[in-house]
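Read off the chains here:
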Amino acid sequence: MTYGDAAAERRTALVTGANRGIGRAVAAELYGRGLRVVVTARNADEARAAAAGIGPGARSHELDITDPDGAARLSKETGPVDVLVCNAGVLLDAGTDPLSAPLELVEQTLRVNLLGSWRVAQAFVPPMVGRGWGRVVLVSSGTTAEFGGALFTGAPGYSISKSALNGLTTMLAAQTAGSGVLVNAVNPGRVRTRMMPTQQTTPEEAARFIADVATLPADGPTGQFLTERRGQG
Ligand SMILES: NC(=O)c1ccc[n+]([C@@H]2O[C@H](COP(=O)([O-])OP(=O)(O)OC[C@H]3O[C@@H](n4cnc5c(N)ncnc54)[C@H](OP(=O)(O)O)[C@@H]3O)[C@@H](O)[C@H]2O)c1
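What you see is a predicted model; the values in this text were computed from it and never measured. (Residues numbered from 1 in each chain as written. Predicted model: local features only at pLDDT ≥ 70, side-chain atom pairs only at ≥ 80, totals over all residues. Heavy atoms only, no water.)

### Side note on the packing of helix 2 (residues 21-32) against helix 7 (residues 203-214)
For the record, the criterion: Working convention: axes come from line fits to C-alpha atoms, limited for helices to the stretch in contact. Angles between N-to-C directions cover 0 to 180 degrees. Numbering of helices and strands starts at the N terminus; helices are DSSP runs of H or I of at least 4 residues and strands are runs of E of at least 2. Note on terminology: angles under 35 degrees are roughly parallel, angles over 145 are roughly antiparallel, angles of 65 to 115 are roughly perpendicular, and the others are oblique. By the definition used in this description, the sense in which the near helix is turned from the far one sets the handedness, with an anticlockwise turn below a right angle giving left-handed and a clockwise turn giving right-handed. For this analysis, residues touch if any pair of their heavy atoms sits within 4.5 Å. Gly counts as polar in this scheme, as do all residues outside two lists: the nonpolar Ala, Val, Leu, Ile, Met, Phe, Trp, Tyr, Cys and Pro, and the charged Asp, Glu, Lys and Arg.
Following both chains from N to C, one finds helix 2 and helix 7 inclined at 60°, their axes separated by 8 Å at the closest point. Accordingly, the angle class assigned to the pair helix 2 and helix 7 is oblique. When you trace helix 2 past helix 7, the crossing you get is right-handed. On helix 7, the residues touching Gly-21, Ile-22, Ala-25, Val-26, Glu-29 and Leu-30 of helix 2 are Pro-203, Glu-204, Ala-207, Arg-208, Ile-210, Ala-211 and Ala-214. Grouping the amino acids of the contact of helix 2 with helix 7 by side-chain chemistry returns 9 nonpolar, 1 polar and 3 charged.

See below:
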């Protein structure tokens, strides 16, 4: 694959959960590749601080992806974006199992990881279709059985939420096929962040892979689950 379409056109990228971890690293990587970036986070001060750390011109906005009106409201403020990275996510039920997982945690997980990203896509993807160009990346996980085994049972709500996110990816890709919009899910592997503090891979390493998918050329894949081959996350 070759990359670089987005940077060449000086596109605008919006990243959710970009105040820390993989999201912040992705925003910084895209900025480094010449895109304009919109750093979003549920805490406005943290979004502002992250944007300031990325560089001049990086913008910040508050966005809690579980806010029913938040993404639609934000899209009116930002106008259309060209690249959307749905990165924000939670891991709330690690160490449980499907027979005993507290379903309120599962529900909360689905509200963020599935419905939150879906809501953001509903706000930002239609204008991409209208403009005939867009790249959408949904940050998924290796807990979704991509290696042919069963879903990872040690965080059942999380695994289900990311599997559903992969399903959403295929639907959004089907609906946008031929429009110039490419929609893919990524597995970043295991990355050292607040969510997975003991991993070796840095957010910056993961961000390079995600930024590649966020800047695919016109003949790039869509509706795929693309994996960074460093390990399962
Ligand atoms: N780290 C890994 O090994 C790994 C592996 C596979 C997939 N992933 C995925 O990568 C993504 C980023 O995770 P990470 O590892 O960077 O973890 P992280 O450091 O915990 O970051 C998670 C981000 O999501 C944000 N977030 C959570 N709920 C939100 C909401 N309702 N609205 C807006 N933002 C919200 C957090 O904001 P706050 O700071 O305000 O909480 C934070 O910015 C997640 O989707 C995760 O599932 C990570």
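Having seen the structure, we can now continue with the description.
### Digging into the sheet that holds strand 3 (residues 59-62)
Note the threshold: Strand pairing is defined by DSSP finding a minimum of two bridges between the two strands.
Here 7 strands make up an open sheet; going across it, the order is 3-2-1-4-5-6-7 and the pairing parallel. The strands lining the two open edges of the sheet, one partner per strand, are strand 3 and strand 7 (225-227). On average, each strand axis in the sheet is tilted by 20° relative to the strand beside it, whichever way the strands run. Relative to strand 3, strand 2 (residues 36-41) runs parallel, the two sharing 4 bridges. Across the sheet, Ala-41 pairs through a bridge with Glu-62, a residue of strand 3. The strands touched by helix 2 within the sheet are strand 1 (12-15), strand 2 and strand 4 (83-86), with strand 1 carrying the most contacts at an inclination of about 170°. Each of strand 2 and strand 3 touches helix 3 (residues 44-54); the most contacted strand, strand 2, lies at about 150° to it.

### Some words on the pairing of strand 2
Our working rule: Only protein chains enter the accessibility calculation, which uses a 1.4 Å probe; a residue whose area is less than 20% of its type maximum is buried, one above 50% is exposed, and one in between is partly exposed. Crossovers are marked right-handed if the path from the first strand over the helix to the second runs clockwise, as seen with the strands pointing away from the viewer.
When you tally the buried positions in strand 2, you get 5 out of 6 residues, the bulk of the element. Of the pairings in the sheet, the one linking strand 1 to strand 2 comprises 4 bridges and is parallel in character. Across the sheet, the residue bridging to Thr-12 is Arg-36, located in strand 2. Read from strand 1 through helix 2 to strand 2, the crossover connection turns out right-handed.

### Brief notes about the nonpolar core
Applied cut-off: To qualify as a nonpolar core, a set must consist of buried Ala, Val, Leu, Ile, Met, Phe, Trp, Tyr and Cys residues joined through side-chain atoms within 4.5 Å.
Ranked by internal contacts, the top residues of the largest apolar core, which has 34 residues, are Val-26, Leu-30, Val-39, Val-85, Val-186 and Ile-210. Considering each element in turn, this core owes the most residues, 7 residues, to helix 7. With residues up to four places along the chain from it excluded, the contact list for Val-85 reads Leu-14, Val-15, Thr-16, Val-26, Leu-30, Val-137, Val-139, Ile-210 and Ala-214. In this structure, Leu-84, Leu-114, Ala-121 and Leu-165 belong to the second largest nonpolar core, which totals 27 residues.

### Things to note about the environment of Ile-210
Residue placement: Ile-210 occurs in helix 7. Under the relative-accessibility criterion, Ile-210 is labelled buried at 0%. The spatial distance from the C-alpha of Ile-210 to the C-alpha of Val-183 is 12 Å, given a sequence separation of 27 residues. Among residues more than four places away in sequence, those in contact with Ile-210 are Ile-22, Val-26, Val-85, Val-137, Val-139, Val-186 and Pro-188.

### Some points on the pattern of salt bridges
Applied cut-off: The salt bridge definition used is simple: a Lys or Arg side-chain nitrogen within 4 Å of an Asp or Glu carboxyl oxygen.
Inspection of the entire model under this criterion finds 7 salt bridges. A salt bridge links Arg-48 to Asp-45, with the nearest nitrogen and oxygen atoms 2.7 Å apart. Of this pair, Arg-48 and Asp-45 both sit in helix 3, separated by 3 residues, roughly a single helical turn. With a relative accessible area of 47%, Arg-48 lands in the partly exposed category. Between Arg-131 and Asp-82 there is a salt bridge, with the nearest N and O atoms lying 2.8 Å from each other. In this pair, Arg-131 sits in helix 5 (residues 103-131) while Asp-82 sits in the loop between helix 4 (70-78) and strand 4, placing the two residues 49 residues apart along the sequence. Arg-131 gets classed as partly exposed once you look at its relative accessible area, which sits at 47%.

### Notes on the site of the ligand
Rules: Any residue with at least one heavy atom within 4 Å of a molecule or strand is counted as near it. Throughout this description, a polar contact denotes any pair of N or O atoms lying within 3.5 Å of each other; where both atoms belong to protein, one of them has to be capable of donating a hydrogen while the other can accept it, and for residues adjacent in sequence the pair is counted only when both atoms sit in side chains. Surface exposure here means Shrake-Rupley accessible area, sampled with a 1.4 Å probe, where a residue is shielded only by the protein chains that are shown.
Taken together, 29 residues lie around the ligand, and Asn-19, Asn-87, Tyr-158, Val-191 and Thr-193 are the ones closest in. Within the side chain of Arg-42, one N or O atom sits 2.7 Å away from an oxygen atom of the ligand. Asp-64 has a polar side-chain atom sitting 2.9 Å from a nitrogen atom of the ligand. With the chains in place, 97% of the 900 Å² that the ligand exposes on its own is no longer accessible.

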